[in-house]
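The residues making up each chain are set out below.
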Amino acid sequence: MEQVVLESQDPGTGNAFQNPSSVDPILHRSRDSPDLEHSSFPVHQAILTWLRIQGGLWWSAFQHSHVDWELHVEIHRAPDSPKSLVKTRKNCLSSLIIAGLCQGRVVRVPTGTLVRVVGTELVIPCNVSDYDGPSEQNFDWSFSSLGSDFEELASTWEAGFPTQLYQERLQRGEILLRRTANDAVELHIKNVQPSDQGHYKCSTPSTDATVQGNYEDTVQVKVLADALHVGPSARPPPSLSLREGEPFELRCTAASASPLHTHLALLWELHRGPARRSVLALTHEGRFHPGLGYEQRYHSGGVRLDTVGSDAYRLSVSRALSADQGSYRCVVSEWIAEQGNWQEIQEKAVEVATVVIQPTVLRAAVPKNVSVAEGKELDLTCNITTDRVDDVRPEVTWSFSRTPDSTLPGSRVLARLDRDSLVHSSPHIALSHVDARSYHLLVRDVSKENSGYYFCHVSLWAPGHNRSWHKVAEAVSSPATVGVTWLEPDYQVYLNASKVPGFADDPTELACRVVDTKSGEANVRFTVSWYYRTNRRSDDVVTSELLAVMDRDWTLKYGERSKQRAQDGDFIFSKEHIDTFNFRIQRTTEEDRGNYYCVVSAWTKQRNNSWVKSKDVFSKPVNIFWALEDSVLVVKARQPKPFFAAGNTFEMTCKVSSKNIKSPRYSVLITAEKPVGDLSSPNETKYIISLDQDSVVKLENWTDASRVDGVVLEKVREDEFRYRMYQTQVSDAGLYRCMVTAWSPVRGSLWREAATSLSNPIEIDFQTSGPIFNASVHSDTPSVIRGDLIKLFCIVTVEGAAVDPDDMAFDVSWFAVHSFGLDKDPVLLSSLDRKGIVTTSRREWKSDLSLERVSVLEFLLQVHGSEDQDFGNYYCSVTPWVKSPTGSWQKEAEIHSKPVFITVKMDVLNAFKYPLLIGVGLSTVIGLLSCLIGYCSSHWCCKKEVQETRRERRRLMSMEMD
């Protein structure tokens with residue numbers, strides 16, 4: 001263990017104080033702790049502890065000594081360790097002793113003497129710091145008029161603490177304690193009296209573990225008599241009635257007879273209802289502070305605060321404003337210096353005067369209704385009435401608006417006379433004044449655009465301080481209604497039709513003429529607008545559609561109805577003469593029928609070279625109409641040779657007649673309708689060949705490649721057409737018609753469909769007792785394993801008359817539907833025509849197809865290397881060809897067989913045979929390779945020589961011997 005020995009001695013006398021370290025456990029430390037010689041913290045801790053115990057003796061000796069004291073600190077260690085001595089001189093230890101002595105409780109009240117005035121409130125704060133115990137501390141206040149024999153005044157924790165005298169004042173609320181924090185409180189004494197002058201002591205009950213520091217503090221309070229006198233310059237306070245811009249002054253007196261050195265501060269306040277504004281203040285330090293909104297007026301000298309004599313203060317306002325109206329108060333406060341700061345000890349206020357700002361009367365009057373002829377001068381007078389006779393200057397502004405409300409947007413300023421009598425106007429407008437209350441506006445060479453409402457705006461400006469101006473009044477006159485009269489152009493408008501259509505696509509031409517114009521109207525320009533109105537019944541509402549409008553600069557703008565047709569050149573608007581406007585429709589349609597009229601507008605030239613519309617004159621409407629009759633188109637077909645046999649030429653002639661169709665041209669289409677008994681395409685209308693209105697022939701759905709030139713359509717006359725079909729086949733049987741369409745020319749090279757008609761039918765019917773063919777499909781392998789061969793036979797049977805096999809030929813096509821039902825479209829597999837040419841379609845899988853004729857009536861389809869995708873329904877389509885007695889081949893109707901379903905199965909043994917053989921082989925090879933690797937490793941790589949140790953052979957001992 002180590003022991004710290006503290007010793008204080010005088011170097012001169014050698015006297016030492018008692019060492020308390022032997023009884024203080026905080027001075028003993030463990031040997032494992034850091035070296036005390038090299039650590040100042042344990043030493044200081046020991047010193048502070050010792051100073052706290054012996055604080056009184058040490059501090060007294062330390063304070064009254066005049067020699068250097070030394071503090072010896074000896075550190076005793078183990079017997080084998082040397083003793084260390086630490087010496088600290090007095091001048092180096094002073095801060096350490098003070099810190100040790102000041103660690104206790106500290107109670108503080110304001111230092112110095114507090115000065116208050118009779119009738120004011122006394123507030124003394126008190127706080128405590130560096131204490132132990134709970135955070136919230138209690139306070140006791142005592143009072144003594146002479147500084148001794150304190151009487152209990154108030155307490156925060158003991159209700160019976162105050163004496164009877166102060167108990168009554170506490171109950172009346174004249175004395176109260178207000179806690180501001182857990183460690184701070186304020187003593188409030190309202191309406192301080194001279195008897196309250198004396199010493200006030202604030203003390204705190206101890207909550208510390210040991211008694212340390214100070215527990216009370218005292219402050220002296222002086223109570224002065226009320227020596228401040230504040231009053232207005234006149235009683236009762238006057239009421240000032242002013243006009244805006246007039247000056248006014250207010251005065252109040254303030255003086256103090258205090259025996260101490262005090263300063264006065266003065267503030268002028270303006271009260272308007274509940275609102276209060278600070279005007280200008282003079283602080284206790286002699287500085288001026290203008291209130292909010294008065295800064296500019298104060299710096300320009302408009303608001304001033306002066307002293308008059310020794311006790312009078314004057315507020316001067318050079319120009320009164322409307323905001324200066326209200327009640328003015330003079331607020332005076334007295335200040336005294338305390339502890340280096342200024343403290344307000346009392347404040348008084350007095351009502352000085354009430355200022356009323358009378359509004360300035362200002363009126364502006366102008367004539368109500370004025371009429372002036374076009375080209376003359378407009379003279380308007382604005383008369384001003386006001387009650388101001390001082391130095392005010394008017395500012396007059398004339399404005400113009402299209403509406404009687406001058407506040408709406410759109411009004412413009414015509415001329416302005418500012419307060420310096422400078423005129424701002426345009427060359428055609430003048431502004432002058434005959435006297436100070438009459439102002440004239442002169443507008444030269446008026447026109448229609450000058451009609452409207454004129455206003456006179458008047459503002460009065462009063463001079464302010466430092467050559468400034470402020471507006472004191474403003475007025476706007478009632479509007480002066482000005483109407484400009486002029487002589488409208490006098491003319492008539494007539495509309496006639498120079499060309500009237502009789503049919504659709506005929507031209508239409510209308511002429512709009514202006515007549516009875518006067519030669520003196522040189523500044524008038526005429527434009528036209530064209531309108532269209534449909535023919536309606538008398539009880540229907542008729543709306544007009546704008547076709548085109550011509551602007552004042554003769555710019556043409558189209559309406560929605562005519563824009564596209566005008567761009568295409570179908571509508572033409574023109575002006576051929578100075579008084580005539582033309583409108584032409586190149587090709588009139590049925591939609592163009594209706595009423596047309598024109599509107600001629602007169603435009604008058606203004607003095608600024610602009611044009612203003614002055615008049616519109618409407619013409620009477622012209623009706624464009626022609627009687628509409630339904631177009632009639634009749635087509636008659638006939639057959640010159642009614643009887644013929646298969647292989648002969650079929651001829652049909654179509655005769656066309658039309659009515660109510662202008663310049664018709666015809667297009668012809670030959671159609672064929674199969675008879676009901678034809679199973680291949682029953683009731684199907686087939687387009688064969690056509691000839692258009694320009695005589696261009698086109699094959700429509702004629703698909704017989706062997707007879708490309710077998711059909712001919714030609715124009716015999718303008719209204720007659722002939723159709724021929726060479727080497728007719730039995731499959732050509734059916735009803736044949738001519739479909740004729742009449743076309744009318746439109747816009748030159750264009751054609752419009754007028755009517756369409758269908759001729760009577762001409763039937764081709766072969767009466768024959770030839771053979772009847774049937775087809776069927778047979779397969780010996782309806783269910784196969786994948787990869788096997790699929791064989792399908794298409795067998796044709798012949799019934800009826802016997803036919804030589806050399807006189808028969810067949811077109812055979814095979815189809816398949818790859819689904820369990822017939823819900824999908826059939827897929828063409830392969831085909832064999834009657835000439836023996838085989839065509840096979842491409843497939844996406846690997847199986848191959850072959851098609852061959854095995855006999856006269858049997859055809860074999862084979863699928864080689866069948867796949868899963870080859871399952872489904874298979875059928876064949878057969879088209880027989882029979883040679884006629886004339887030597888030509890006749891095509892019979894196409895026949896279809898019933899489908900046969902083919903199933904493709906998977907061979908499970910073959911599917912798993914090769915994977916199993918490969919797996920067994922790989923397993924065998926890997927096992928042999930593993931054995932080989934293990935054998936080689938054990939003989940060449942991992943072989944070690946091991947010496948066998950000899951063991952002693954001892955016989956076991958018998959149980960008895962053990």
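Residues numbered from 1 in each chain as written. Predicted model: local features only at pLDDT ≥ 70, side-chain atom pairs only at ≥ 80, totals over all residues. Heavy atoms only, no water.

As annotated in an unreviewed UniProt entry, the chain carries the name Prostaglandin F2 receptor negative regulator and is attributed to Saimiri boliviensis boliviensis. Recorded under Function (unreviewed entry), the UniProt text for the chain is reproduced unchanged: "Inhibits the binding of prostaglandin F2-alpha (PGF2-alpha) to its specific FP receptor, by decreasing the receptor number rather than the affinity constant. Functional coupling with the prostaglandin F2-alpha receptor seems to occur. In myoblasts, associates with tetraspanins CD9 and CD81 to prevent myotube fusion during muscle regeneration." (UniProt positions renumbered as here; feature names shortened; annotations may be inferred.)

Enquirer: Report on the pairing of strand S6 (residues 113-117), specifying residues and quantitative values.
Expert: Each regular strand shows side chains that alternate between the opposite faces of the sheet. By the criterion of burial, S6 is predominantly enclosed, with four of the five residues buried. Summarising the sheet, S6 and strand S13 (residues 216-224) pair through five bridges and their orientation is parallel. Note on S13: the bridge partner recorded for arginine 116 is valine 223. (Buried < 20%, exposed > 50% of the residue type's maximum accessible area, 1.4 Å probe, protein only. Helix = DSSP H or I, 4+ residues; strand = E, 2+ residues; numbered from the N terminus. Pairing = 2+ DSSP bridges.)

Enquirer: Can you lay out the confidence of the model for the chain for me, pointing to particular residues and giving the numbers?
Expert: Predicted coordinates in regions of low pLDDT should not be interpreted in detail. On average, residues of the chain carry a pLDDT of 80, and 83% of them reach 70 or more. Scored below 50 in pLDDT, residues 1-102 shows 144 contacts in the model against residues more than four places distant or in partner chains. (pLDDT = per-residue confidence, 0-100. Contact = heavy atoms within 4.5 Å.)

Enquirer: Explain unusual backbone geometry to me, and be specific about the residues and the numbers.
Expert: Phi at asparagine 660 takes a positive value of approximately 65 degrees, unusual for a residue other than glycine. Mapped onto the secondary structure, asparagine 660 falls in the loop between strand S46 (650-659) and strand S47 (665-673). For asparagine 660, a relative accessible area of 31% translates into the label partly exposed. Not every positive phi belongs to a glycine, and serine 695 is a case in point at roughly 65 degrees. On the basis of relative accessible area, serine 695 is assigned to the partly exposed category, the value being 42%.

Enquirer: Just give me the short version of the sheet that holds S13, but keep the residues and values in it.
Expert: Strands sit in the order S6-S13-S12-S8-S9 across an open sheet of five strands; the sheet is mixed. Of all strands in the sheet, those bounded by a partner on one side alone are S6 and strand S9 (151-155). This sheet shows a mean twist of 30 degrees between the axes of neighbouring strands, independent of strand direction. Its contacts with the sheet put helix H4 (residues 164-172) on strand S8 (140-144) and S9, and the angle it makes with S9 is roughly 30 degrees. (Axes fitted to C-alpha atoms, helices over the stretch in contact; angles between N-to-C directions.)

Enquirer: Which residues make up the sheet that holds strand S21 (residues 312-317), and what are the values?
Expert: Strand order across the open sheet formed by four strands is S14-S16-S21-S20, with antiparallel pairing between neighbours. The open sheet terminates on both sides in strands that have one partner only, identified here as strand S14 (228-232) and strand S20 (303-308). Pairs of neighbouring strands in the sheet enclose a mean axial angle of 20 degrees, with direction left out of account. With six bridges joining them, strand S16 (residues 248-256) and S21 adopt antiparallel strand pairing.

Enquirer: Which residues make up the packing of aromatic side chains, and what are the values?
Expert: Summed over the entire model, instances satisfying the criterion amount to 20 aromatic pairs. Ring geometry for tryptophan 530 versus phenylalanine 583: centroids 5.6 Å apart, planes at 40 degrees, classification tilted. Linking tryptophan 530 in strand S37 (residues 524-533) with phenylalanine 583 in strand S41 (residues 580-585), this pair joins segments that are 53 residues apart in sequence. By the burial criterion, tryptophan 530 is buried, and phenylalanine 583 matches it. Judged by centre distance (5.4 Å) and plane angle (90 degrees), the ring pair of phenylalanine 571 and phenylalanine 583 falls under edge-to-face. Placement of the pair is phenylalanine 571 in strand S40 (residues 571-577) and phenylalanine 583 in strand S41, with a sequence separation of 12 residues. When sorted by exposure, phenylalanine 571 lands in the same class as phenylalanine 583, which is buried. (Phe/Tyr/Trp six-rings, centres within 6.5 Å; stacked < 30°, edge-to-face > 60°.)

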